[in-house]
Amino acid sequence: MTPPTSASAPVNGPVSADESALLAAFEARIAAGECIEPKDWMPERYRKQLTRMMSQHAHSEVVGMLPEGNWITRAPSLRRKLSLIAKVQDEAGHGLYIYCGTETLGVDRQELVEQLLDGRAKYSSIFNYPTLSWADMGVIGWLVDGAAIVNQTVLAKASYGPYARAMVRICKEENFHKRQGYEICTVLANGTPAQKAMVQESVNRFWWPALMMFGPSDTNSPNSAELLKWRVKRKTNDELRQRFVNLTVPQAIALGITLPDPDLRFDEATGDWKFGAIDWSEFHEVLAGNGPCNQERLAARRKAHDDGAWVRAAANAHAEKQRARKDSAVA
Ligand code: BYC
C-alpha cells in the first residue's frame with residue numbers, strides 16, 4: 001500500500017514554521033476530541049508510535065491463538081470444542097483488523113510480519129506462558145481476555161480513527177470470550193475437588209502474568225507520556241491494572257478461588273484492592289525472549305508462515321491474472 005501523501009515532520013530534525021502550524025492544528029483537533037484519519041496530516045512520531053503499538057497488538061492477537069489452539073483437540077466436549085475453535089478464529093480476525101488498521105499508516109503488512117518472525121517486534125508477554133490444563137482455557141478467557149477488555153475499552157476512544165473503530169468490534173467479541181472463560185471456571189470451581197484444584201492451580205500461574213499485560217509501572221513506561229498527550233492512550237498502565245484488579249477480585253471471591261497474593265487487601269480510603277509487588281524481573285526476562293515459551297511460539301509462527309507460502313503465491317498469481325485481464329480489456 002502507498003504511504004499517505006500528507007506532509008510529515010522529520011523525526012528529530014528542526015521543525016519549520018509550517019510544521020509548527022500543522023502540529024498546533026493537529027493537537028487542537030485531538031484536544032477537541034476529533035478522530036485523526038489516515039489521510040490527515042500527523043506528526044511522524046504519532047505515526048511511528050501508532051505503528052509500533054498497533055503492530056504489536058496485531059502480533060499479540062495472532063500469537064495469542066497458539067496457547068488456546070493447543071487445547072482444541074483435547075476439549076472435554078463437543079460444545080467446548082466448538083466455542084474454543086470460534087474463539088481462536090475470532091483472535092485471527094482481530095489480528096486481521098489491526099493489521100489492516102496499521103496498513104492505513106503506510107506500512108506494508110509483509111514488513112510487520114517479517115519483524116515478528118525475525119524477533120524484532122514484540123507481542124504480549126502473556127502468550128509466552130504454557131497452557132498446561134483444560135482449566136487454562138477458562139482462566140485465559142477470564143483473566144487474559146478480561147485484562148484485554150479493560151485495556152481495549154479505553155483504546156476504543158483512541159484518537160486514531162481506524163484503531164478506535166477496530167477496538168469497538170474487538171471489545172464486543174472479547175466480552176463473549178471472557179464470559180465463556182468465566183463460565184468454564186464456574187463449572188470447574190463447582191465441580192469435583194480435583195476440578196476446583198485445577199482452576200486454582202491455573203489461576204496461581206496466570207494471575208501475575210495477567211497483571212504484567214498492562215505493561216511496566218508508570219514510572220518506567222517510556223512511551224506513555226507521548227501516547228497520553230496525543231490521546232492514543234487515555235489511561236496509564238497502572239490505572240488500568242488497578243481497574244482490572246478491582247473488577248476481578250470480586251469475581252474470584254464469587255468462584256471461591258484464592259488469588260496468589262498474600263498482600264491483596266481492600267483499601268477503604270480509595271475503594272481499591274491493593275496488590276503486592278510485581279516481579280518486574282520476570283516481565284523483562286519474558287520481553288527479552290527468555291520466557292517459558294518464547295522460542296516455541298516464534299517457531300510455530302515461522303512454520304505457519306512457511307507452510308502458507310503456496311497460498312500467498314497462488315493469491316499473487318490470481319491477482320496478477322486479474323490485473324492482466326483488466327489491462328487487456330482496457331487496451
Ligand atoms: N508484553 O512504554 P510502555 C489480547 C513493551 S492481545 C510485551 O508502557 P506502551 C488477546 C512496550 O511495547 C493483548 N511487551 O509501552 C489476544 C514497550 O516496548 P517498545 C495485546 C510489552 O506502548 C488473544 C516497552 O515494553 N494488547 O489481549 O506505552 C487472546 C515499554 O512499555 C508489554 C495490546 O497490544 C507486554 N505486556 O504500553 C486473548 C493493546 N507491556 O515498543 C487476548 C495495545 C509493555 O518501546 N497496546 N511492553 O520496545 C497497549 O495498550 C500498550 O502498547 C501497552 C504498553 C499497555 C501494552
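Criteria and cut-off values
Residues numbered from 1 in each chain as written. Predicted model: local features only at pLDDT ≥ 70, side-chain atom pairs only at ≥ 80, totals over all residues. Heavy atoms only, no water. Helix = DSSP H or I, 4+ residues; strand = E, 2+ residues; numbered from the N terminus. Rg over C-alpha atoms; globule rule 2.2 N^0.38 Å. Buried < 20%, exposed > 50% of the residue type's maximum accessible area, 1.4 Å probe, protein only. Salt bridge = Lys/Arg side-chain N within 4 Å of Asp/Glu carboxyl O. Polar contact = N/O pair within 3.5 Å; in protein donor to acceptor, adjacent residues only side chain to side chain. Contact = heavy atoms within 4.5 Å. Expected span 1.5 Å × (residues − 1). Arc of directions from axis to C-beta. Near = heavy atom within 4 Å. Areas by Shrake-Rupley, 256 points an atom, 1.4 Å probe, with all protein chains shown as cover. Nonpolar A, V, L, I, M, F, W, Y, C, P; charged D, E, K, R; others polar. Phe/Tyr/Trp six-rings, centres within 6.5 Å; stacked < 30°, edge-to-face > 60°. Lys NZ or Arg CZ within 6 Å of the ring centre and 35° of its normal. Patch = residues over 30% accessible without salt bridge, like charges linked within 9 Å, V, L, I, M, F, W, Y side chains within 5 Å. Lys, Arg positive; Asp, Glu negative; His and termini not counted. Charge placed at Lys NZ, Arg CZ, Asp CG, Glu CD. Axes fitted to C-alpha atoms, helices over the stretch in contact; angles between N-to-C directions. Left-handed = near helix turned anticlockwise from the far one by under 90°.

Asker: Before we move on, could you go through the overall build of the chain and cite the residues and values that matter?
Answerer: When helices and strands are tallied, the chain shows 13 helices and two strands. In summary, the chain has a C-alpha radius of gyration of 22 Å against a globular reference of 20 Å for 331 residues, a match within 12%. Dimensions along the principal axes, computed over C-alpha positions, put the chain at roughly 75 × 50 × 35 Å. Residues counted as buried form 47% of the 331 residues belonging to the chain.

Asker: Give me the pattern of salt bridges: which residues, what numbers.
Answerer: According to the stated counting rule, one finds 20 salt bridges in the structure shown. Of the charged contacts, one joins Lys87 and Glu68 as a salt bridge, the two residues approaching to 2.7 Å between their closest N and O atoms. Within this pair, whereas Lys87 is found in helix α4 (residues 78–103), its partner Glu68 is found in helix α3 (residues 65–69), the two being separated by 19 residues in sequence. Exposure remark for Lys87: the relative accessible area of 1% places this residue in the buried category.

Asker: Mind laying out the side chain of Lys87, listing which residues take part and the relevant values?
Answerer: One polar contact links Lys87 to Glu68, side chain to side chain, over a distance of 2.7 Å. Excluding anything up to four places from it in sequence, Lys87 contacts Glu68, Ile140, Gly141, Asp145, His177 and Gln180.

Asker: How would you sum up helix α1 (residues 17–31)? Please name residues and give values.
Answerer: Between its first and last C-alpha atoms α1 spans 21 Å; for 15 residues at 1.5 Å apiece the expected length is 21 Å, and the two agree. Looking at α1, one finds that the buried residues are Glu19, Phe26 and Ile30. Seen end-on, α1 carries its buried residues on one side only, within an arc spanning 40°. In this structure, α1 carries Ala17 and Ala31 as exposed residues pointing more than 90 degrees from its buried face. Looking at the buried residues of α1, the elements they touch are α2 (44–63) and α9 (224–229).

Asker: Account for the site of the ligand, naming residues and giving values.
Answerer: Surrounding the ligand, one finds 33 residues, the nearest of these being Arg52, Gln56, Lys122, Ser221 and Lys233. Note that an oxygen atom of the ligand is positioned 2.9 Å from one of the backbone N or O atoms of Asn223. Within the side chain of Asn237, one N or O atom sits 2.9 Å away from an oxygen atom of the ligand. Taken by itself the ligand offers 1,000 Å² of open surface, and the protein chains cover 90% of this. Its residues placed into classes, the shell around the ligand shows 15 nonpolar, twelve polar and six charged.

Asker: Tell me about unusual backbone geometry, and please be specific about residues and values.
Answerer: At Arg231, a position not held by glycine, the phi torsion is positive, near 55°. Inspection of the secondary structure puts Arg231 in the loop between α9 and α10 (237–255).

Asker: Describe the packing of aromatic side chains, naming the residues involved and giving the relevant values.
Answerer: Enumeration over the complete set of coordinates arrives at eleven aromatic pairs. Relative to Trp41, the ring of Phe26 has its centre 6.1 Å away and its plane inclined at 80°; by these criteria the two rings are edge-to-face. One end of the pair, Phe26, is in helix α1; the other, Trp41, is in the loop between α1 and α2, and 15 residues separate them in sequence. Trp41 matches Phe26 in its accessibility class, with the two residues each being buried. Ring geometry for Trp207 and Phe244: centres 6.0 Å apart, planes at 25°, overall stacked. Of this pair, Trp207 sits in helix α8 (residues 193–212) while Phe244 sits in helix α10; the two residues are 37 residues apart in sequence, bridging distant segments of the chain. Overall, the relative accessible area of 0% leaves Trp207 in the buried class. Every member of this aromatic cluster is reached through a ring pair, and the members are Phe26, Trp41, Tyr46, Tyr160 and Trp230. Positioned above the aromatic ring of Trp71 is the side chain of Arg74, whose terminal nitrogen or guanidinium carbon lies 4.0 Å from the ring centre.

Asker: Talk me through a positive patch on the surface; I want residue IDs and the actual numbers.
Answerer: A cluster of like positive charges, contributed by Lys157, Arg234, Lys235 and Arg243, occupies part of the molecular surface. Position of Arg234 relative to the elements: it lies in the loop between α9 and α10.

Asker: A description of the packing of helix α6 (residues 135–155) against α10 should follow, citing residues and the corresponding values.
Answerer: Packing of α6 against α10 brings their axes to within 10 Å, and their N-to-C directions diverge by 145°. Our pair here, α6 against α10, has a crossing hand that is right-handed. Touching Trp142, Leu143, Gly146, Ala147, Val150, Asn151 and Val154 of α6 are Leu240, Arg243, Phe244, Leu247, Thr248, Gln251, Ala252 and Leu255, all from α10. Of the residues in the contact of α6 with α10, the class split is ten nonpolar, four polar and one charged.

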